[in-house]
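Okay, here's what each chain looks like letter by letter:
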Amino acid sequence: MASMPYVLSQRELLQSKHALLRSTATEKAYRAYFASVAQYLALSESVPPRIALGDGDAGSAITLRLHESVLSKRKYLIGFVEDAWFAGTFPSYDAIASIVQNDSYYIPPLVLVPRRQMRFCTEMFRSILEHELVHVNQAIRGTLPFREPQAELDAAISTFFGVVRSEFDANLLQLARWPKFFPHERVPSLEFWCVLRGLAEALESAVTGAFCSAKMLTSLLSALRDAFDDGLAKCKVHGSLVNFFKRGLPHFVSTAVSNRIESQPALVKNASIEAAQQWLRSCSAKI
Ligand SMILES: [Zn+2]
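Residues numbered from 1 in each chain as written. Predicted model: local features only at pLDDT ≥ 70, side-chain atom pairs only at ≥ 80, totals over all residues.

1. Observations concerning the sheet that holds strand 5 (residues 110-114)
Taking strand neighbours across the sheet as the criterion, the five strands line up as 1-2-3-5-4 in an open arrangement whose pairing is mixed. Each edge of the open sheet is held by one strand with a lone partner, namely strand 1 (50-51) and strand 4 (96-98). In the packing of helix 4 (residues 123-141) onto the sheet, the strands contacted are strand 3 (75-81), strand 4 and strand 5, and the crossing angle to strand 5 comes to about 150°. (Pairing = 2+ DSSP bridges. Helix = DSSP H or I, 4+ residues; strand = E, 2+ residues; numbered from the N terminus. Contact = placed C-beta atoms within 7 Å. Axes fitted to C-alpha atoms, helices over the stretch in contact; angles between N-to-C directions.)

Below is the structure:
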């Protein structure tokens, strides 16, 4: 028997309305973005663009197209890349927002999509595309944190929660528009799911050194509990839920470490992964 579709509560609808306001680029920022897209498209007529994100990676030929977002009704740049390159570069993704900061050339924020998805055939894929477009909007608005190691602990904590919030909003907006993809029968609430997705993403980045050095990582993980309330304040999640995630932090860190090692076994020797494991051992020693 097919499961009943999920219906959002008034509170969840209001939360998603606020998430949309937070994640929508201002008119001025959008105009500047669109001007840079027009320039990039004009340039790509004479010099066919390639995109390379990794060191020494030859990159992938890219076909550019404008696409109107269902949520914001504005047009954004989409780049279709070779299937094999996409699968090798982003193994667990269907589509990904690409915000490249590079001094030698400029590429406007865009969503990269493997060519096999060129026709956006399934509703599930269209919902994923909108999720990624939320991140593009956050980048245009200037609220998408750059995952760069920070020298100061406070800056690393702030970047960590910036990632949690950006994922919370993107998941909430995706599922508020397509509630049928919310796995409500096995998850306590939509809010729970969106915090979980945000926390998992931020922790998987943290344990591989995205926010600070391996040396600082144990301090970052130890400081997270006290920073949770402020970090999630803008998302207005229930206090009881915040406490649940604070208490369960070692479990979520452990899951993040396992997930990263499972997808990239070589990470087992990574200094940040080792620091996270050391932090986990210190938590269990305290019990
Ligand atoms: Zn996301």
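2. Considerations on the domain arrangement of the protein
By convention, interface size is frequently given as the accessible area that disappears when the constituent parts associate. Here the protein is partitioned into domain 1 (24-144) and domain 2 (146-287). Inter-centroid distance (C-alpha atoms) of domain 1 to domain 2 is 25 Å. With 15 residues of domain 1 at the interface, the matching set in domain 2 holds eleven residues. Residues that form the side of domain 1 that touches domain 2 fall into these classes: six nonpolar, seven polar and two charged. (Domains from an automatic or database assignment. Nonpolar A, V, L, I, M, F, W, Y, C, P; charged D, E, K, R; others polar.)

3. Considering the pairing of strand 5
The side chains of a regular strand alternate between the sheet's two faces. Counting buried residues along strand 5, five of its five residues qualify, which places the element largely inside the surrounding structure. Here strand 5 shows two buried faces, one formed by Leu110, Leu112 and Pro114 and the other by Val111 and Val113. Direction of pairing for strand 3 relative to strand 5: parallel, over a ladder of four bridges. For glycine 79, the partnering residue across the bridge sits in strand 5 and is leucine 112. Summarising the sheet, strand 4 and strand 5 pair through three bridges and their orientation is antiparallel. Its bridge partner lying in strand 5, serine 98 is registered against leucine 110. (Buried ≥ 20, exposed ≤ 12 C-beta atoms within 10 Å, placed from the backbone.)

4. Regarding helix 4
Here helix 4 spans 27 Å end to end across 19 residues, near enough to the 27 Å set by a 1.5 Å rise per residue. Glycine 142, located one to two residues past helix 4, shows a positive phi value of around 90°. (Expected span 1.5 Å × (residues − 1).)

5. Side note on helix 10 (residues 271-286)
The end-to-end C-alpha distance of helix 10, which contains 16 residues, comes to 23 Å, matching closely the 22 Å that a straight helix rising 1.5 Å per residue would cover. Taken as a whole, helix 10 has its buried residues at Ser272, Ile273, Ala275, Ala276 and Trp279. The buried residues of helix 10 occupy one face: seen down the axis, they fall within an arc of 160°. When the buried face of helix 10 is taken as reference, the exposed residues oriented beyond 90 degrees from it are Arg281, Ser284 and Ala285. (Arc of directions from axis to C-beta.)

6. A short note on the nonpolar core
The tendency in soluble globular proteins is for nonpolar side chains to be buried side by side. Formed by 66 residues in total, the largest nonpolar core has its most connected members in Val111, Phe160, Ala206, Leu220 and Ala276. It is helix 5 (residues 153-177) that contributes the most residues to this core, twelve residues altogether. What leucine 220 contacts, discounting residues up to four positions off in sequence, is Leu153, Ala156, Ile157, Phe160, Ala206, Phe211 and Cys212. (Core = buried A, V, L, I, M, F, W, Y, C linked by C-beta atoms within 7 Å.)

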